[in-house]
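Chain and residue survey
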Amino acid sequence: MAAPQLLDSALDRVVGSYAARKLKSLGLETTADLLGYFPRRYAHWGRLTPLVSVSEGEDVTLLARVRQAKLVRNRSRGVRLVVELTDGQGSIDATFFAQHPGKLAVHQRLLVPGSEHLFAGKVSRYRSSLQLTHPQFEQFDDASGVKERASRPIPIYPATSAVPTWLIARATALVAQMLRAQDVDDPLTDGMRSKYDLLPLHEALVQVHTPTSDDELQRALRTVRWVEALDLQTALGQRRLVADSLQAPVVETEPGGWLDQARQALPFELTGGQQAALEQILSDMACAHPMQRLLQADVGAGKTVVAALALTAAVEAGFQGALLAPTEVLAEQHVRSLSALLPVPVELLTGSSSAAVRTRVHQLAANAQPTIFVGTHALLEDSLKLAHLALVVVDEQHRFGVAQRDALLAGGSKTPHLLAMTATPIPRTVAMTVFGDLDVTVVGELPAGRKPVQTFLVDDARRTWVDRVWVRAREEIDAGGRVFVVTSRIDSTAGEEKELASVEDTLTQLRECPALQGAEIAALHGRMSSEQKATTIAAFNSGQVSLLVTTTVIEVGVDIRQASMMVILDAQQFGLSQLHQLRGRVGRGDKPAVCMAIHRHDVGEDSIRRLQAFASSSDGFELAEADLELRREGDVLGQSQSGKATSLKALRVLRDRRVIEQARKEVRALLADDPHLRSHPQLARRAERLGEQVQWLSRT
């Protein structure tokens, strides 16, 4: 928020020391913090919270009606008041304990049948039923007028058992009463307000926290979302102007050169999508300012070939290229395939490289030798100096941290072009594509003959289904296929309450499984040496091994054409991106393929929704958007790459996509006429306050 004096004030000076101490536990220390802490949702008296949405272990705020209340004496000592709450259909008990009945007299007086209250607490289970144990509840003074109260939306804030929503609401209402237009930097022009039906910002803030009607609330919410989008687009737009002013190596090739030779030598035709993506990337690299592009293609759609040709163009033009891979297995595979396909030098550097190899690679890099350098985190060592770097390709960009990727881009006098590749963007990357701060190229078609992988969910409580999975695995093996079985860990977890499948235990079980007798079964995991991994993968590829029990070490880069089935054990342990990447290890040849995701019977609602999304789609961007809906967008302003802690306040990436696009259009017009925003000082101040929080594409 803008911060002339009122919004700079410490909360204890405005709402009192008790409330301020409570609010500090939520990270709220100033009135600006509090006004920027928006309600999660709004309730209405008479519209009760559907109890079907309540789940065990959840911190909830419910608007419920008391159906009945009874005082019960405990068998040992003390009493409890059991209050049955209802939404008109289902019910849940709220239970209050005390040493003697007098301690619950106030509860009995207020919680009478027919009365409605807000209840806040943690949902637990007692004798197979959900309940709230000693929840806090809101008391109301009916003298304020039932009719007026019924017409006002009730803000429900993200709260905890120690800081209930009504404590936050009372503190915020106190600040909102004091707020005036001069307290807020309002970036909206009269034209924007008229065009998009927006309120002055200070009025919108008051309505969001103390709404008077649903209609005014909707205008207020639209306004604060629009202002947040405007702030972000302005800060990002200004950074983009700076980025566009940086100098990058200009990569140009000649007809008949190495790039053309590499294209002609490919043992297959590029798909239309691959060809279009390559032309777009080469066009960017021919410009004097740095390319910042995400190449998104589903697993097996051939994005690595596109990147290889772009790297060849850089070397042909006399520059160096770097391909950063997340695992040694993938880095080694890249070197083998690039060396076979391309007419340019390719060098490998990983943590396992010998001292002699390291010395040679460091000398080539420092001497500006035109070469493609492929490696893992070893390419990020401070001692490695790529003197003439033109293009950095980051494979599976979400597996590297912000600072790591920056290190490779900051070495020379010119900023190299950046091409990030992924099959399933993380939520934060999707967010940045919506904000328009990330140029995206999508290869939307699979190579000829490639078929989508059929995916099925299997509840492990259905033993006949699980047994059938292994019979099906044997059928795939007998038909000449290979089977991956993926677990979430290497070692046994014996002794834990809910033991997770491991490579160790699964290997033993499957070797004893009647359906798999005679099949050659082996293990693959991250503790094996590079040589052991390579030997095992080669045996699996040749058919000496027909079933491989493995961890996520195969998540990227393992290319077994005969792999036709994958079984994922304890699938609820994996994220959507991981599940999609794992599934991409099968169906890479011309045979139909299947993926069986076996999950625990008692997994939570979020896990089931994630698994259902995985089974229903094989489109990487579609899955990333589903992931975004489930996990939210992560910290799109800072360095966190995923999760529920978000820098966005009122704005949500997918829901407000149109608002974000509108704001981007307005900002582009403003910056085109006034790059320094001298005519828009309030907007300039708001964008400046975002400061270093705003990270451009290289930090996505």
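Predicted model, so just to flag it, every value in this text is computed and none were measured.

What counts and what doesn't
- Residues numbered from 1 in each chain as written.
- Predicted model: local features only at pLDDT ≥ 70, side-chain atom pairs only at ≥ 80, totals over all residues.
- Heavy atoms only, no water.
- Helix = DSSP H or I, 4+ residues; strand = E, 2+ residues; numbered from the N terminus.
- Areas by Shrake-Rupley, 256 points an atom, 1.4 Å probe, with all protein chains shown as cover.
- Buried < 20%, exposed > 50% of the residue type's maximum accessible area, 1.4 Å probe, protein only.
- Pairing = 2+ DSSP bridges.
- Right-handed = clockwise from strand over helix to strand, strands pointing away.
- Core = buried A, V, L, I, M, F, W, Y, C linked by side-chain atoms within 4.5 Å.
- Contact = heavy atoms within 4.5 Å.
- Axes fitted to C-alpha atoms, helices over the stretch in contact; angles between N-to-C directions.
- Expected span 1.5 Å × (residues − 1).
- Arc of directions from axis to C-beta.
- Salt bridge = Lys/Arg side-chain N within 4 Å of Asp/Glu carboxyl O.
- Parallel < 35°, antiparallel > 145°, perpendicular 65-115°, else oblique.
- Nonpolar A, V, L, I, M, F, W, Y, C, P; charged D, E, K, R; others polar.
- Phe/Tyr/Trp six-rings, centres within 6.5 Å; stacked < 30°, edge-to-face > 60°.
- pLDDT = per-residue confidence, 0-100.

1. So, the overall build of the protein
- Helix and strand content of the protein: 25 helices and 21 strands.
- Looking at the protein as shown, the accessible area adds up to about 30,800 Å², and 48% of this sits on carbon and sulfur atoms.

2. A closer look at the pairing of strand S20 (residues 563-568)
- The buried fraction of S20 is high, at six of six residues.
- For strand S17 (residues 482-486) and S20, the ladder comprises five bridges, and the chain directions are parallel. Within S20, the position partnered with Val486 by the bridge is Ile568.
- By the bridge criterion, four bridges tie S20 to strand S21 (residues 594-599) in an arrangement that is parallel. When the bridges of S21 are listed, Met566 appears paired with Cys595.
- With helix H21 (residues 576-583) bridging S20 and the parallel S21, this β-α-β connection has right-handed handedness.

3. Things to note about the nonpolar core
- Within the largest apolar cluster, 62 residues are counted, with the highest numbers of intra-cluster contacts made by Val15, Leu23, Leu34, Val224, Trp226 and Phe435.
- Considering each element in turn, this core owes the most residues, eleven residues, to helix H10 (residues 214-244).
- With residues up to four places along the chain from it excluded, the contact list for Leu34 reads Leu11, Leu23, Leu28, Ile168, Ala171, Thr172, Val175 and His209.
- Counting residues in hydrophobic clusters, the runner-up holds 42 residues, among them Ala277, Leu278, Leu311 and Ala313.

4. A look at the sheet that holds strand S14 (residues 417-422)
- The strand order across the open sheet formed by seven strands is S11-S12-S10-S13-S14-S9-S15, and the pairing between neighbours is parallel. Both edges of this open sheet fall to strand S11 (346-349) and strand S15 (439-443), since each of them pairs with a single strand only. This sheet shows a mean twist of 20 degrees between the axes of neighbouring strands, independent of strand direction.
- Set on the sheet, helix H14 (residues 328-341) makes contact with strand S10 (320-324), S11, strand S12 (372-375) and strand S13 (389-395); between it and S11 the angle comes to about 170 degrees.

5. Considerations on the pairing of strand S18 (residues 521-524)
- Going residue by residue along S18, you find Ile521 and Ala523 tucked away on one face and Ala522 and Leu524 tucked away on the opposite face as well.
- Pairing geometry for S18 and strand S19 (residues 547-550), over four bridges, is parallel. Residue pairing in the sheet places Ala522 in a bridge with Leu548 of S19.

6. A short note on helix H22 (residues 605-616)
- Its twelve residues place the ends of H22 16 Å apart at the C-alpha level, agreeing with the 16 Å of an ideal helix rising 1.5 Å per residue.
- Three or more residues of H22 are buried, namely Ser607, Arg610, Leu611, Ala613 and Phe614. The buried residues of H22 occupy an angular sector of 155 degrees when projected down its axis, which confines them to one face. In this structure, H22 carries Glu605 and Ser616 as exposed residues pointing more than 90 degrees from its buried face.

7. Observations regarding the environment of Tyr157
- Within the fold, Tyr157 resides in the loop between strand S8 (154-156) and helix H7 (165-178).
- For Tyr157, a relative accessible area of 1% translates into the label buried.
- Taking the C-alpha atoms as reference, Tyr157 lies 7.0 Å from Arg41; in sequence the two are 116 residues apart.

8. Comments concerning the pattern of salt bridges
- Within this structure, the stated rule accounts for 26 salt bridges.
- With its nearest N and O atoms 2.7 Å apart, the salt bridge here joins Arg263 to Glu279. With a gap of 16 residues between them, Arg263 in helix H11 (residues 258-265) and Glu279 in helix H12 (residues 272-285) connect regions that are remote in the sequence.
- With relative accessibility at 37%, the residue Glu279 sits in the partly exposed group.
- The closest approach of N and O atoms between Arg293 and Asp284, which form a salt bridge, is 2.7 Å. The residues Arg293 and Asp284 share a single accessibility class, namely buried.

9. Let's talk about the sheet that holds S21
- Spatially, six strands are ordered S16-S21-S20-S17-S19-S18 in an open sheet, and the strand pairing comes out parallel. In the strand order of this sheet, the two ends are held by strand S16 (454-459) and S18, each with one partner. Averaged over all pairs of adjacent strands, the angle between strand axes in this sheet comes to 20 degrees, irrespective of strand direction.
- Those strands touched by helix H18 (residues 463-478) are S16, S17, S19, S20 and S21, and its axis lies near 160 degrees from that of S20.

10. Regarding the packing of H10 against helix H25 (residues 681-690)
- Relative to each other, H10 and H25 sit at 75 degrees, their axes nearing to 9 Å. What the angle tells us is that H10 and H25 run roughly perpendicular. Contacts from Val227, Leu230, Asp231, Leu232, Thr234, Ala235 and Gln238 in H10 reach Leu683, Arg686, Ala687 and Leu690 in H25.
- Class assignment for the residues of the contact of H10 with H25 results in seven nonpolar, two polar and two charged.

11. Notes on helix H20 (residues 530-542)
- Given a rise of 1.5 Å per residue, 13 residues ought to cover 18 Å, and the 18 Å separating the end C-alpha atoms of H20 matches this to within 8%.
- The inward-facing, buried residues of H20 abut H14, S17, S18 and S19.
- A positive backbone phi angle near 100 degrees is found at Gly543, which sits one or two residues after H20.

12. Considering the packing of aromatic side chains
- Scanning the entire structure with this criterion turns up five aromatic pairs.
- Between the aromatic rings of Phe484 and Phe540, the centroid separation amounts to 4.9 Å while the plane-to-plane angle is 55 degrees, which identifies the pairing as tilted. Placement of the pair is Phe484 in strand S17 and Phe540 in helix H20, with a sequence separation of 56 residues. With respect to class, Phe484 is no different from Phe540; both count as buried.
- These aromatic residues form a ring-pair network of at least three members: Phe96, Phe119 and Phe137.

13. Regarding the confidence of the model for the protein
- On average, residues of the protein score 86 in pLDDT, and 87% of them are at 70 or above.
- Here residues 141-146 is modelled with pLDDT under 50, and outside its nearest four sequence neighbours on either side it reaches one contact, counting other chains as well.

14. Overview of unusual backbone geometry
- Despite not being glycine, Asp197 shows a phi value in the positive range, around 55 degrees.
- Its location among the elements puts Asp197 in the loop between helix H8 (190-196) and helix H9 (201-209).
- The phi torsion at Leu677 lies on the positive side, around 55 degrees, for a residue other than glycine.
- Its location among the elements puts Leu677 in the loop between helix H24 (657-673) and H25.
- Using a relative accessible area of 3% as the deciding quantity, one classes Leu677 as buried.

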